[in-house]
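# Architecture at a glance
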Amino acid sequence: MDFSNTELMVISGIFAWSGFVRAGLGFGGAALGLPLMLLVADKPLFFLPIIATHLLIFSGITTGLRFKHVDRVFLRESLTWMIIPKLIGVIGLLSLPTQWMVIFIYAITGFYAITWIIKWEITSQSPWIDRLLYILGGYFSGASLIGAPLIVAVAVRKMAMSAYRDTLFVLWFILVTIKMLAFAMAGVDLQWQWSLALLIPTACGHMLGLKFHQQMLKHDAKMVRQWIGVCLLGIVGMALWKYLLTTPA
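Residues numbered from 1 in each chain as written. Predicted model: local features only at pLDDT ≥ 70, side-chain atom pairs only at ≥ 80, totals over all residues. Heavy atoms only, no water.

### Points about the packing of helix α4 (residues 72–95) against helix α7 (residues 148–158)
At a minimum axis distance of 12 Å, the contact between α4 and α7 shows a crossing angle of 155°. If you check the angle between α4 and α7, you find them roughly antiparallel. Judged by the twist between their axes, the crossing of α4 over α7 is right-handed. Along its contact with α4, which presents Phe74, Glu77 and Met82, the element α7 presents Ile151, Val154, Ala155 and Lys158. Grouping the amino acids of the contact of α4 with α7 by side-chain chemistry returns 5 nonpolar, no polar and 2 charged. (Axes fitted to C-alpha atoms, helices over the stretch in contact; angles between N-to-C directions. Helix = DSSP H or I, 4+ residues; strand = E, 2+ residues; numbered from the N terminus. Parallel < 35°, antiparallel > 145°, perpendicular 65-115°, else oblique. Left-handed = near helix turned anticlockwise from the far one by under 90°. Contact = heavy atoms within 4.5 Å. Nonpolar A, V, L, I, M, F, W, Y, C, P; charged D, E, K, R; others polar.)

### Focus on unusual backbone geometry
Note: most peptide bonds trans; most residues except glycine with negative phi. Of note, glutamine 191 is a non-glycine position whose phi angle comes to about 55°, a positive value. One can find glutamine 191 in the loop between α8 (161–186) and α9 (192–197). Judged by relative accessible area, which is 12%, glutamine 191 ranks as buried. (Buried < 20%, exposed > 50% of the residue type's maximum accessible area, 1.4 Å probe, protein only.)

Here you go:
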């Protein structure tokens, strides 16, 4: 794709933001970055392989030296319920009209933003609700890489905080590997050149996010998410309005 110099600067900033969020919160790099990217170009299949490649790189770096902090029981349980919905989501992404997928991504992201604004925690106290969240999270992850908040709702209850972020990074690594293999089998352009070109801004955001994560542990994470939710909901609202106005009936 061709972009103007201004658009390239904006895209670089968004990828830096995505890396910051992913490292700072342990999840949400795609959920908080993809809606912004789609404002520049409504091409999910262009941006998702780049996001996926970066996630593979940085999740591998983050957990590579600390695999002992990973909760393997949680990984086995979650993947058992997520693999099939994940594949169904990928099939939907590849086969459904782009307009549908863009609106789907904005709608789900808007839902997350509202839950953060009102400080409503998606929680589970039942094995069956856990499985439902795994299934929905797996499907959303396959369709758009924005299933993390649903999966996290189960993870926060089942894991010790010492294993929380590293386990999630390993889980994202596995899920994204499945998605990239599906992309390759379907002949989707994996955008390796763009992934390399945007690696530096993403790395800068990642490093800042690691520092932010240490500070966030000392403060109210809910308040941080609330402010992020307000900004994100505004962006989603403007994006949907613009998209619906410019999309032919």
